[in-house]
Amino acid sequence: MTITAKKALLNYLEFLQSNGFICLDSDPLEALGPASGGGPGAPSAAHARPIVVHSAAKVDASPMTPPRPRNPATTSGSAGAAVPSAPSAVPGPPPAALRRELPQTWGAHLSRAERIQWIGDATARAETCRACQLGAQRNKLVYGDGDPEAKIVFVGEAPGGDENETGIPFVGRAGQLLNKMLNAIGFKRQEVFICNTLKCRPPGNRDPFPSEKAACEHFLTEQFYILRPQILVALGAHAAQYLCRSELPIGKLRGRWHEYRGIAVRATYHPAFLLRNGNFKPQSWDDFRAIHGRYVELNPGDPRPIWTK
Ligand code: URA
């Protein structure tokens, strides 16, 4: 395993542990063994101890899968083969190796190339996912689209008919409106990242079932881990309720800032809703202006022109 892959995996394990998804018994830095190319005499990956991963109390569904090893030939017997064992009674403090970086950093250290690689890995895993019925029913998987280093990530509900045909989120009428709203706050679509709470289309564009959202959630969380944006924008009630951990209606969640695991969250109306209810556009514009304001505040060297009358 390369040093970069090892570092990415360590950070990911830290993220899983710090968010209560897993509990690690051993120091994964030791367990992962030396990086490949560690020189003659360096112990081989075959000698590395397995990482013992326990389910933590908070785990409710399938945990996120770490990225697939880039070169299985150099990683056999190591992290790719985490060994499940009996749950530990009391999770201990995180090993020193995991305390080096705060959870807030998440994937912030990943290079562009590493993000692209990881997104590719995750897409391949999602392609074969059959954790709910939608995987077998859809035409194309809609994993997400945009800049892997985007500072703003938009989260919609689920792919619709156009997205199911193209594999790209928000390409229909709602997507065209979203593009216009992005342009109005000085962004091109390809400068942000766009995804959905579900990666597969529910038949007839029905609302996602809670079980489908639960089954798909780890892909979304993993996306946030890889991208580690500054701002998350929830489009519509499904994404808003998930990101704000609230059952309030979108009208009550929009208009103020929330936080999701250290990331600023703004909830706003779904563009498809705005197409049907144009009188809500001014509120939506207020939200987009707030998103613009926050972005400019966080990135003073990157002023963005905002549309004014
Ligand atoms: N509506 C969504 O929520 N997502 C899409 O990708 C398209 C329409």
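Residues numbered from 1 in each chain as written. Predicted model: local features only at pLDDT ≥ 70, side-chain atom pairs only at ≥ 80, totals over all residues. Heavy atoms only, no water.

> Can you lay out the pairing of strand β5 (residues 152-156) for me, pointing to particular residues and giving the numbers?
Among the five residues of β5, five are classified as buried, and the element is accordingly described as predominantly covered. Residues Ile 152, Phe 154 and Gly 156 point to one face of β5 and Val 153 and Val 155 to the other, with burial holding for every one of them. Note that β5 and strand β7 (residues 231-235) share four bridges and pair parallel. Residue pairing across strands places Phe 154 opposite Val 233, the latter belonging to β7. Here β5 runs beside strand β6 (residues 193-196); their pairing, made up of four bridges, is parallel. Residue pairing for β6: Val 155 is matched across the bridge by Cys 195. (Buried < 20%, exposed > 50% of the residue type's maximum accessible area, 1.4 Å probe, protein only. Helix = DSSP H or I, 4+ residues; strand = E, 2+ residues; numbered from the N terminus. Pairing = 2+ DSSP bridges.)

> Describe the packing of aromatic side chains, and please don't skip the residues or the numbers.
Scanning the entire structure with this criterion turns up nine aromatic pairs. Aromatic side chains Tyr 242 and Tyr 260 sit 5.9 Å apart centroid to centroid with 50° between the ring planes, which places their arrangement in the tilted category. Taken together, the residues span a long stretch of sequence, with Tyr 242 in helix α9 (residues 237-244) and Tyr 260 in strand β8 (residues 257-260) at a distance of 18 residues. Grouping residues by exposure puts Tyr 242 and Tyr 260 together as buried. Among the aromatic residues, ring-to-ring pairing joins Phe 224, Tyr 242 and Tyr 260 into one connected group. The side chain of Arg 206 reaches across the aromatic face of Phe 209, ending 3.7 Å from its centre. Here the basic side chain of Arg 304 rests over the ring of Phe 187, its NZ or CZ set 4.3 Å away from the ring centre. (Phe/Tyr/Trp six-rings, centres within 6.5 Å; stacked < 30°, edge-to-face > 60°. Lys NZ or Arg CZ within 6 Å of the ring centre and 35° of its normal.)

> Can you explain unusual backbone geometry? Please cite residues and give values.
A positive phi angle, close to 60°, is found at Asn 205, a residue other than glycine. Locating Asn 205 in the fold gives a position in the loop between β6 and α8 (210-227). A relative accessible area of 45% means that Asn 205 is categorised as partly exposed. Positive phi, normally seen in glycine, also occurs at Arg 261, with a value near 45°. With respect to the helices and strands, the residue Arg 261 is situated in the loop between β8 and β9 (263-268). With a relative accessible area of 26%, Arg 261 lands in the partly exposed category.

> Summarise helix α12 (residues 281-298); cite the residues concerned and give the values.
Counted at 1.5 Å a residue, the expected span for α12 with its 18 residues is 26 Å, and the 26 Å between its end C-alpha atoms agrees. The set of residues buried in α12 consists of Ser 284, Asp 287, Phe 288, Ala 290, Ile 291, His 292 and Tyr 295. Along its buried surface, α12 packs onto β5, α7 (173-184), β7, β8, β9 and α11 (271-276). (Expected span 1.5 Å × (residues − 1). Contact = heavy atoms within 4.5 Å.)

> Now, about the side chain of Arg 254: what can you tell me, with residues and values included?
When you line up the elements, Arg 254 lands in the loop between α10 (250-253) and β8. In this structure Arg 254 comes out as buried when scored by relative accessible area, which is 15%. Within the local environment of Arg 254, its side chain forms a polar contact with the backbone oxygen of Gln 283, the two atoms lying 3.2 Å apart. Looking at Arg 254, its side chain comes within polar contact range of the side chain of Asp 287, at 2.8 Å. If sequence neighbours within four positions are ignored, Arg 254 has contacts with Ala 267, Thr 268, Tyr 269, Gln 283, Asp 286 and Asp 287. (Polar contact = N/O pair within 3.5 Å; in protein donor to acceptor, adjacent residues only side chain to side chain.)

> If you had to explain the pattern of salt bridges to someone new, which residues and values would you point to?
Throughout the structure, instances matching the rule amount to 12 salt bridges. For Glu 212, the salt bridge goes to Arg 206, with nearest N and O atoms at 2.7 Å. With relative accessibility at 1%, the residue Glu 212 sits in the buried group. Across the pair Asp 302 and Arg 304 runs a salt bridge, and its minimum N-O distance is 3.1 Å. (Salt bridge = Lys/Arg side-chain N within 4 Å of Asp/Glu carboxyl O.)

> Describe the site of the ligand, and please don't skip the residues or the numbers.
The immediate surroundings of the ligand are formed by Gly 156, Glu 157, Ala 158, Glu 163, Pro 169, Phe 170, Asn 196 and His 270. Within the backbone of Glu 157, an N or O atom sits 2.8 Å from an oxygen atom of the ligand. Between the ligand and Phe 170 there is a distance of 3.0 Å, counted from an oxygen atom to a backbone nitrogen or oxygen. With the chains in place, 90% of the 240 Å² that the ligand exposes on its own is no longer accessible. Partitioning the shell around the ligand into residue classes produces three nonpolar, three polar and two charged. (Near = heavy atom within 4 Å. Areas by Shrake-Rupley, 256 points an atom, 1.4 Å probe, with all protein chains shown as cover. Nonpolar A, V, L, I, M, F, W, Y, C, P; charged D, E, K, R; others polar.)

> Got a sec to walk through the nonpolar core? Specific residues and values, please.
The biggest cluster of nonpolar side chains holds 56 residues, and the ones touching the most others in it are Ile 152, Phe 154, Phe 224 and Leu 243. When near neighbours in sequence (up to four residues on either side) are disregarded, Leu 243 contacts Val 155, Phe 224, Leu 232, Ala 234, Glu 259, Tyr 260 and Val 265. (Core = buried A, V, L, I, M, F, W, Y, C linked by side-chain atoms within 4.5 Å.)

> Give a detailed account of α7, specifying residues and quantitative values.
Taking 1.5 Å per residue, 12 residues should reach 16 Å; α7 reaches 17 Å between its end C-alpha atoms and fits that length. With its phi angle positive at about 90°, Gly 186 sits one or two positions after the end of α7.

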